[in-house]
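# A closer look at the structure
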Amino acid sequence: QVQVVESGGGLVQPGGSLSLSCAASGNDFRFYSMGWYRQAPGKQREAVATMTGDKKITYADFVKGRFILSGDIAGNTVFLQMNSLTPEDTALYYCGARKLFPPQMFWGQGTPVTVST
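Attention here is on the structure that accompanies the text. (Residues numbered from 1 in each chain as written. Predicted model: local features only at pLDDT ≥ 70, side-chain atom pairs only at ≥ 80, totals over all residues. Heavy atoms only, no water.)

So, about the packing of aromatic side chains. Summed over the entire model, instances satisfying the criterion amount to 5 aromatic pairs. On the basis of an interplanar angle of 35° and a centroid distance of 6.2 Å, the ring pair of F29 and F106 is categorised as tilted. Of this pair, F29 sits in the loop between β3 (18-25) and β4 (33-39) while F106 sits in strand β10 (residues 104-107), placing them 77 residues apart in sequence. Both residues of the pair, F29 and F106, count as buried. One Lys or Arg, R45, reaches over the ring of Y94 and ends 3.7 Å from the middle of that ring. (Phe/Tyr/Trp six-rings, centres within 6.5 Å; stacked < 30°, edge-to-face > 60°. Helix = DSSP H or I, 4+ residues; strand = E, 2+ residues; numbered from the N terminus. Buried < 20%, exposed > 50% of the residue type's maximum accessible area, 1.4 Å probe, protein only. Lys NZ or Arg CZ within 6 Å of the ring centre and 35° of its normal.)

If you want it as structure tokens, here you go:
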């Protein structure tokens, strides 16, 4: 049974930084991709940054160079360094891992990020 666990969220002031960590386990296969998604109150879940096994990283436009994703798909780990945070970044941040065959997403329970004074 696949488990995805993320951590690192918390309360931070505008302009501050946070680092998120994610580790998956229980998979007897290599994930196609892993990445970070977020959902703010009243909004749909949206992708923040993802990485494929060949190390291709895709960032959402709203990152604007503020966030950096790193990790190792083969090692079932990804990280997200978030800088210059704004109140609009406040959301529940989820780690997601994608399997291709058959297609399936595995989700963590989320780690909350609150950007506020």
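Resuming the write-up.
Our next topic: unusual backbone geometry. The residue after F101, namely P102, is reached through a cis peptide bond having omega -5°. Phi is positive for N76, close to 65°, though the residue is something other than glycine. Looking at the secondary structure, you find N76 in the loop between β7 (67-72) and β8 (77-82). Exposure remark for N76: the relative accessible area of 11% places this residue in the buried category.

Our focus in this paragraph is the pattern of salt bridges. A complete count under the given rule lists 3 salt bridges for this structure. One salt bridge in this structure joins E46 and R38, with 3.0 Å as the shortest N-O distance. The exposure class assigned to E46 is partly exposed, which follows from its relative accessible area of 25%. Salt-bridge contacts for D89 lead to R66; the nearest nitrogen and oxygen are separated by 2.7 Å. Placement of D89 in the loop between β8 and β9 (91-99) and of R66 in the loop between β6 (57-59) and β7 is noted, with a sequence separation of 23 residues between them. Looking at D89, the relative accessible area reads 1%, which means it is buried. (Salt bridge = Lys/Arg side-chain N within 4 Å of Asp/Glu carboxyl O.)

Here the focus is the nonpolar core. Counting 29 residues, the largest nonpolar core has M34, W36, L80 and M82 as its most contacted members. The set of elements that each furnish at least two residues to this core consists of β3, β4, β5 (46-52), β7, β8, β9 and β11 (111-115). Apart from the residues within four sequence positions on either side, L80 is in contact with L18, S19, L20, W36, V48, A49, F67, I68 and L69. (Core = buried A, V, L, I, M, F, W, Y, C linked by side-chain atoms within 4.5 Å. Contact = heavy atoms within 4.5 Å.)

Time to look at the state of the cysteines. For the structure on display, the rule yields 1 disulfide. At a sulfur-sulfur separation of 1.9 Å, the disulfide partner of C22 is C95. On the sign convention where negative is left-handed, the bridge of C22 and C95, at about -80° about the S-S bond, is left-handed. Here the residue C22 occupies a position in strand β3, and C95 occupies one in strand β9, the gap between them amounting to 73 residues. (Disulfide = S-S within 2.5 Å.)

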